[in-house]
Amino acid sequence: MPHLKALYFIRPTIENIRLLQAEFKEPKYGEYHIFFSNLARDAFIQELAEADEHEVVQQVQEYYCDFLAINQELFSLNVPSIVGLGGAAWDQPTFDRVTSGLIAVLLSLKKRPTIRYQANSEAARHVGETVASTMDDQGELFSFRRAEVPPLLLLLDRKDDPVTPLLNKWFYQAMVHELLGIDNNRVTLPEHEDGQVVLSPDNDAMFAKNMFANWGDLTSDINEAMKVLQQKTNTSKQISSIAEMQSFVESYPQYKAMSANITKHLAIVEKMTKILEGEHLYEVSEAEQDLAVQDAHSAAVETVEALLMKPSLSIENKLRLVLLYALRYEHAPASKIERFKELLATGGASPQQVKLVDIMLEQYGAAKRSGDLFSNKSFTAKLTKNVMGALKSAEENVYTRHRPYLLSTLEALLKGSTGLSDAAYPQLGADAAPTAKRKPPTQIIVFMVGGATYEEARLVAEMNAANPGVRILLGGTCMHNCASFLEEVAKMEGHSSGGGPSAIEGAAAGMAAMGFSPPIATKRIAALTSTATASLTSLGNQAISKLQ
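Since this is a predicted model, take the numbers as computed values, not measurements. Sequence order sets the numbering: in each chain, residues are counted from 1 along the sequence as written. Reporting of local features is limited, given that this is a predicted model, to residues whose pLDDT is at least 70; pairs of side-chain atoms are given and counted only at 80 or more, and all residues count toward the totals for whole chains, interfaces and linings. Only hydrogens and water are set aside when side-chain values are computed; all heavy atoms of the structure are taken into account.

### Concerning the overall build of the protein
Note the cut-off: Per the convention used, a helix needs a DSSP run of H or I reaching at least four residues, while a strand needs a run of E reaching at least two, with both numbered from the N terminus. Buried means the residue's accessible area, taken with a 1.4 Å probe over protein chains only, is under 20% of the maximum for its type, while exposed means over 50%, and partly exposed covers the values in between. Residue contacts follow a heavy-atom distance rule, with two residues in contact if any of their heavy atoms lie within 4.5 Å. The Shrake-Rupley method, run with a 1.4 Å probe sphere, supplies the accessible areas, and residue values consider only the shown protein chains as cover.
Of the regular secondary structure elements, the protein holds 19 helices and eleven strands. Scored against the burial criterion, the 548 residues of the protein give a buried share of 50%. A sequence separation of at least 24 residues applies to 81% of the contacts in the protein between residues at least 6 apart. With the model as given, the accessible surface of the protein reaches about 25,500 Å², and the carbon-plus-sulfur share is 54%.

### With respect to the sheet that holds strand 5 (residues 74–76)
Sheet strands pair via backbone hydrogen bonds, and the direction of the pair is either parallel or antiparallel. Worth spelling out the cut-off: One bridge is not enough; two strands pair if DSSP finds at least two bridges between them. An axis is simply a line fitted to the C-alpha atoms; with a helix, the fit covers only the stretch in contact. Between two such axes, the angle follows the N-to-C directions and lies from 0 to 180 degrees.
Ordered by their spatial adjacency, six strands build an open sheet running 4-5-11-10-7-6, and the pairing between neighbours is mixed. Looking at the sheet topology across the chains shown, the edges are occupied by strand 4 (68–71) and strand 6 (114–117). Here the strands of the sheet are splayed against their neighbours by 25° on average, with no regard to which way each runs. Alignment of strand 7 (residues 152–157) against strand 10 (residues 443–449), held across six bridges, turns out to be parallel. By the bridge assignment, Leu 152 is partnered in strand 10 with Ile 444.

### Focus on the nonpolar core
Definition in use: Joining through side-chain atoms within 4.5 Å is the link that ties buried Ala, Val, Leu, Ile, Met, Phe, Trp, Tyr and Cys residues into a set, and such a set is a nonpolar core. An automatic or database domain assignment supplies the residue ranges for each domain.
Core analysis: the largest hydrophobic core is formed by 53 residues, its most contacted members being Val 176, Ile 268, Met 272 and Val 446. Each of domain 2 (68–161 + 403–480) and domain 3 (172–279) contributes no fewer than three residues to this core. With near-sequence residues (within four places) excluded, Val 176 lies in contact with Gly 181, Ile 182, Val 187, Leu 199, Ile 268 and Met 272.

### Some details on the packing of aromatic side chains
Cut-off, in case you're wondering: Between 30 and 60 degrees the pair is tilted, below 30 it is stacked and above 60 it is edge-to-face, where a pair is any two Phe, Tyr or Trp rings, Trp via its six-membered ring, whose centres lie within 6.5 Å. The criterion for a charge sitting over a ring is simple: Lys NZ or Arg CZ within 6 Å of the ring centre, and within 35 degrees of the ring normal.
Summed over the entire model, instances satisfying the criterion amount to 14 aromatic pairs. Measuring from ring centre to ring centre gives 5.8 Å for Tyr 29 and Tyr 32, while their planes differ by 65°; the resulting arrangement is edge-to-face. With a centroid separation of 5.3 Å and an interplanar angle of 55°, the aromatic rings of Trp 90 and Phe 95 are classed as tilted. The pair Trp 90 / Phe 95 is uniform in exposure class, with both members buried. Among the aromatic residues, ring-to-ring pairing joins Tyr 8, Phe 24, Tyr 29 and Tyr 32 into one connected group. A cation over a ring is seen here: Arg 41 above Phe 44, with NZ or CZ 4.8 Å from the ring centre. It is Arg 458 that lies over the ring of Phe 171; its NZ or CZ is 3.6 Å from the centre.

### Overview of unusual backbone geometry
Residue Asn 78 is not a glycine yet carries a positive backbone phi of 55°. As for its placement among the helices and strands, Asn 78 is situated in the loop between strand 5 and helix 3 (92–109). Of note, Asn 184 is a non-glycine position whose phi angle comes to about 55°, a positive value. Following the sequence through the fold, Asn 184 ends up in the loop between helix 5 (172–179) and strand 8 (186–188).

### A closer look at helix 10 (residues 297–308)
Rules: Helix span, as expected, comes to 1.5 Å for every residue beyond the first. Think of the arc as the fan of directions from the helix axis to the C-beta atoms.
For helix 10, with twelve residues, the first-to-last C-alpha span of 16 Å sits near the 16 Å given by 1.5 Å per residue. Where helix 10 is concerned, the buried positions are His 297, Ala 300, Val 301, Val 304, Leu 307 and Leu 308. Viewed along the axis of helix 10, the buried residues span an arc of 145°, placing them on a single side of the element. Pointing more than 90 degrees away from the buried face of helix 10 are the exposed residues Ser 298 and Glu 302. Its buried side turned inward, helix 10 meets helix 9 (281–293), helix 11 (315–328) and helix 12 (337–346).

### Here's the deal with the pairing of strand 2 (residues 31–36)
Two faces belong to every sheet, and in a regular strand the side chains alternate between them. This is how the line gets drawn: A crossover counts as right-handed when, viewed with the strands pointing away from the observer, the path leading from the first strand over the helix to the second turns clockwise.
For strand 2, a buried count of five out of six residues is recorded, marking the element as mostly surrounded by other parts of the structure. Taken together, the six bridges between strand 1 (residues 5–10) and strand 2 define a ladder with parallel strand orientation. Bridging from a neighbouring strand, Tyr 8 pairs with Ile 34 of strand 2. In this region the chain leaves strand 1, passes through helix 1 (residues 14–25) and returns to the parallel neighbour strand 2; the handedness of that crossover is right-handed. Pairing of strand 2 with strand 3 (residues 57–62) involves five bridges; the strand directions are parallel. Counted as the bridge partner of His 33 is Gln 59 from strand 3. Following the backbone out of strand 2, through helix 2 (residues 42–51) and into the adjacent parallel strand 3, one traces a crossover that is right-handed.

### Focus: helix 13 (residues 351–364)
In an α-helix there are 3.6 residues to a turn, and that puts residues three or four apart on one side. How we decide: The bend at a residue is defined as the angle formed between two axes, one fitted to the seven residues ending at that residue and one fitted to the seven starting there.
The end-to-end C-alpha distance of helix 13 is 20 Å, a good match for the 20 Å that 14 residues give at a rise of 1.5 Å each. At Val 357, helix 13 shows its largest kink, close to 25°. All of the buried residues in helix 13 are Gln 353, Val 354, Leu 356, Val 357, Ile 359, Met 360, Leu 361, Gln 363 and Tyr 364.

### Regarding the packing of helix 9 against helix 10
Applied cut-off: Orientation labels follow simple angle bins: below 35 degrees gives roughly parallel, above 145 gives roughly antiparallel, 65 to 115 gives roughly perpendicular, and whatever is left gives oblique. Handedness of a helix crossing follows the sense of rotation of the near helix relative to the far helix, less than a right angle counterclockwise being left-handed and clockwise being right-handed. Residue polarity follows a fixed list, in which Ala, Val, Leu, Ile, Met, Phe, Trp, Tyr, Cys and Pro are nonpolar, Asp, Glu, Lys and Arg are charged, and the others, Gly among them, are polar.
Following both chains from N to C, one finds helix 9 and helix 10 inclined at 150°, their axes separated by 11 Å at the closest point. Between helix 9 and helix 10, the crossing angle belongs to the class labelled roughly antiparallel. In the packing of helix 9 onto helix 10, the handedness of the crossing is left-handed. Between helix 9 and helix 10, the contacting residues are Glu 283, Ala 287 and Leu 291 on the first element and Ala 300, Thr 303, Val 304 and Leu 307 on the second. Taken together, the residues of the contact of helix 9 with helix 10 sort by class into five nonpolar, one polar and one charged.

### Quick notes on the sheet that holds strand 2
Across the sheet, which stays open at both edges, the three strands sit in the order 1-2-3 with parallel pairing between neighbours. At either end of the open sheet lies a strand with only one pairing partner, and these are strand 1 and strand 3. The sheet shows a mean angle of 10° between the axes of neighbouring strands, taken without regard to direction. Strands in contact with helix 1 are strand 1, strand 2 and strand 3; relative to strand 2, the strand with the most contacts, it is inclined by about 175°.

### Considerations on the pairing of strand 4
In this structure, strand 4 lies alongside strand 5, joined through three bridges in antiparallel fashion. Looking at strand 5, one finds that Ala 69 is bridged to Phe 75. Once strand 4 ends, the chain turns through two residues before running back antiparallel as strand 5.

Just geometry here; none of it tells us what the structure is for.
Have a look at this one:
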């Protein structure tokens, strides 16, 4: 088909380069326009040039879109598991994907940030070192205008907060992901005529309005939308003149779109309502929140044991309760962890499910966490939490009392020199500013190694709204719900920390995977053209503009 032009938008991987080389030997199309989603190594460009014997390649372009922009404040790299970034068996391809994805985010935002990382996370440190080394090596690409207070890339580890992904959610977007699952903004819904629906704030006004709304406010808003739709329907039935008919015809596309959108959200809400009632999630969620926010061991034992005895509760929800109990009361003098494991097994849990309790404590227990997740490591923290809990208990929704640990981290960060300590969150680079002189950053990119949650995305949106002049973005290797998080935990059996490359080896390996050889000059090969087609530019700008 030599009369056709081919446009390829691909990730610059070895596999894709080999496929292009094979294609160029016997080209199917008259022209090829190659667009890479990330930095392409010079050697790759040279190999493509040598393979283009028929001179069909018209342009090669880098367009930095190697990530999924979900919301205005949220992105994901769609890396489902990072188990290989801990222990002796180091997963270099996964590590390279994470670091290259972060580089694409920074280039798309035109930011060269300072980097701080969670000190007790080897994975966060390796990622930070490789990203910092790449920015140094690619100085021309990262020669953006410097701000008085530079942007900050804060690298955190999921292991500091295993509680947030375990809890049932009660805010729309997070709730949909927890109960139904969101995959690239799509929700599988067999009841719908298309088998799936799209949930994106860019083209769904109702979702944009309610994505962070709690369950009660969401259902009220949908009811109001239904009333408006019914009014429009009744109006259409009372057409009695040519002018009224013309007015209805002109508004019909908007009316039809509104009807389809409301129907979509009604189908989602109806399905989630059945799950809430069938799984007894109101009762389960209240107990989860008690475990997450209250330090009351005797009451916790009584509540959890009673729920474990109920045959109507699913094994999955019983397992959540035991995991939350184990995380909070891991070192309690009269801990009932073993007793609850026995009740799980008696109630029908598989040996693998029961084993998850031990794996969770081994990988996410108090010894692995650096922060004060439950605010119980000091007398002051306990007192503050008890006082605040007493003040809020009467006014808060019983199902939404828990706040992700990310909140305390960001609050401390915004305090500047009195906030996050350098010991717990070191800054990379020899030119790191002394703590006493450090001003609070106003542009913050938080990246969660091990996966972020939609609950944390809602928190970031709230903080952005409450702090004018501050812009926080949240990213993660993936977006977790309880099911995906427990899948990741199960894969960690037998993995111990302490593996991975050295700082130099990790940086060099990551750079090599993206095509950078440190001894070679960073001058870009001339084949990299400077203009993209209008269609691709528009597509890429849609993704990038979400985060800007």
